Amino acid sequence: MPSPIYVFDAYGTLFDVHAAASRERVTIGGGWDKLSQTWRTKHLEYTWIHAMTGKPATFWELAAQSLDFAIATIGGVPDGVRERLLQSYRHMAPFAEVPITLAALKRQGARLAILSNGDPDMLADAVGAAGLEGVFDAVLSVASVKTFKPQRVVYQLVPDQFGATPGDVTFFSSNRWDVAGAKAFGFQTVWVNRTDAADEYPGLKPDRVIRDLTVL
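Let me sum up the structure you'll find in this document. Nothing here was measured: the structure is a model prediction, and the numbers come from that model.

**What about the packing of helix H3 (residues 32-53) against helix H4 (residues 59-74)?**
The N-to-C vectors of H3 and H4 enclose an angle of 135°; their axes lie 8 Å apart at closest approach. Between H3 and H4, the interaxial angle falls into the category oblique. The handedness of the crossing between H3 and H4 comes out as right-handed. For the pair formed by H3 and H4, the contact residues are Lys34, Leu35, Thr38, Trp39, Lys42, His43, Tyr46, Thr47 and His50 on the first element and Phe59, Leu62, Ala63, Gln65, Ser66, Leu67, Phe69, Ala70, Ile71, Thr73 and Ile74 on the second. Considering only residue class, the contact of H3 with H4 consists of eleven nonpolar, seven polar and two charged.

**Digging into the pairing of strand E1 (residues 5-8)**
Examined bridge by bridge, E1 and strand E2 (residues 111-116) share four bridges and lie parallel to one another. When the bridges of E2 are listed, tyrosine 6 appears paired with leucine 112. Bridge count for E1 against strand E4 (residues 169-173) is four bridges, and the pairing is parallel. If you follow phenylalanine 8 over to E4, its bridge partner there is phenylalanine 172.

**Digging into the pattern of salt bridges**
Under the definition given, this model contains 13 salt bridges. A salt bridge links arginine 82 to aspartate 68, with the nearest nitrogen and oxygen atoms 2.6 Å apart. Separated by 14 residues along the polypeptide, arginine 82 in helix H5 (residues 81-89) and aspartate 68 in helix H4 bring together distant segments of the chain. For aspartate 68, a relative accessible area of 36% gives the class partly exposed. Aspartate 207 serves as the salt-bridge partner of lysine 183, at 2.8 Å between the closest nitrogen and oxygen. On the criterion of sequence distance, the pair formed by lysine 183 in helix H10 (residues 176-185) and aspartate 207 in the loop between strand E5 (188-192) and strand E6 (208-210) is long-range, its members being 24 residues apart.

**What to know about unusual backbone geometry**
The omega angle of the peptide bond from lysine 149 to proline 150 is 5°, so this bond is cis rather than trans. Inspection of the secondary structure puts proline 150 in the loop between strand E3 (138-141) and helix H8 (152-155). Phi at lysine 146 is positive, roughly 60°, even though this residue is not glycine. Relative to the helices and strands, lysine 146 is located in the loop between E3 and H8. Of note, the phi angle at aspartate 196 is positive, near 55°, even though the residue is not glycine. Positionally, aspartate 196 belongs in the loop between E5 and E6.

Scoring rules and cut-offs
Residues numbered from 1 in each chain as written. Predicted model: local features only at pLDDT ≥ 70, side-chain atom pairs only at ≥ 80, totals over all residues. Heavy atoms only, no water. Axes fitted to C-alpha atoms, helices over the stretch in contact; angles between N-to-C directions. Helix = DSSP H or I, 4+ residues; strand = E, 2+ residues; numbered from the N terminus. Parallel < 35°, antiparallel > 145°, perpendicular 65-115°, else oblique. Left-handed = near helix turned anticlockwise from the far one by under 90°. Contact = heavy atoms within 4.5 Å. Nonpolar A, V, L, I, M, F, W, Y, C, P; charged D, E, K, R; others polar. Pairing = 2+ DSSP bridges. Salt bridge = Lys/Arg side-chain N within 4 Å of Asp/Glu carboxyl O. Buried < 20%, exposed > 50% of the residue type's maximum accessible area, 1.4 Å probe, protein only.

Dropping the structure here:
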């Protein structure tokens, strides 16, 4: 029997997207959480707009643009904070259970991959900062197809990489919209619902819902 193929979204699933703003919460003040949530929401929104319009952009460019919007939303931040936030975004902390869980799956013979909107250099920085070098059989970036999730061509990168069918792949994401896109493509899907969010997209239900990766 072929080894299972487990594919993970990166940001929000393996890496804590709110760690950067949390690190600066004292400097930013009481608006740090609103800044972080707005930054994340707008970053994703910008990827969808660029995917639909076909206008090229890198994930890093959109990270900076969405951060600027978030900063304006809370009325500004002290000098130097913007630059520190962007640098922290490239070296996000993994969620606590991630290194141990991935190492265990690797020992069991699973084939592991990342499929992310992130640029290749951003993903290399994040994987390196988390000490996860050598864990993944592939780190797949949308940069190779010049669009963003949930375009089908993005999910096709995984079957092409492993010589597999979509049904052979189990895809994990904390983003419910990403799970919906992967389900529509034909992956087995697991929603990593870290925040106990309400379900969405009833016509594209995940095959499994978990709170974090410890159950694996």
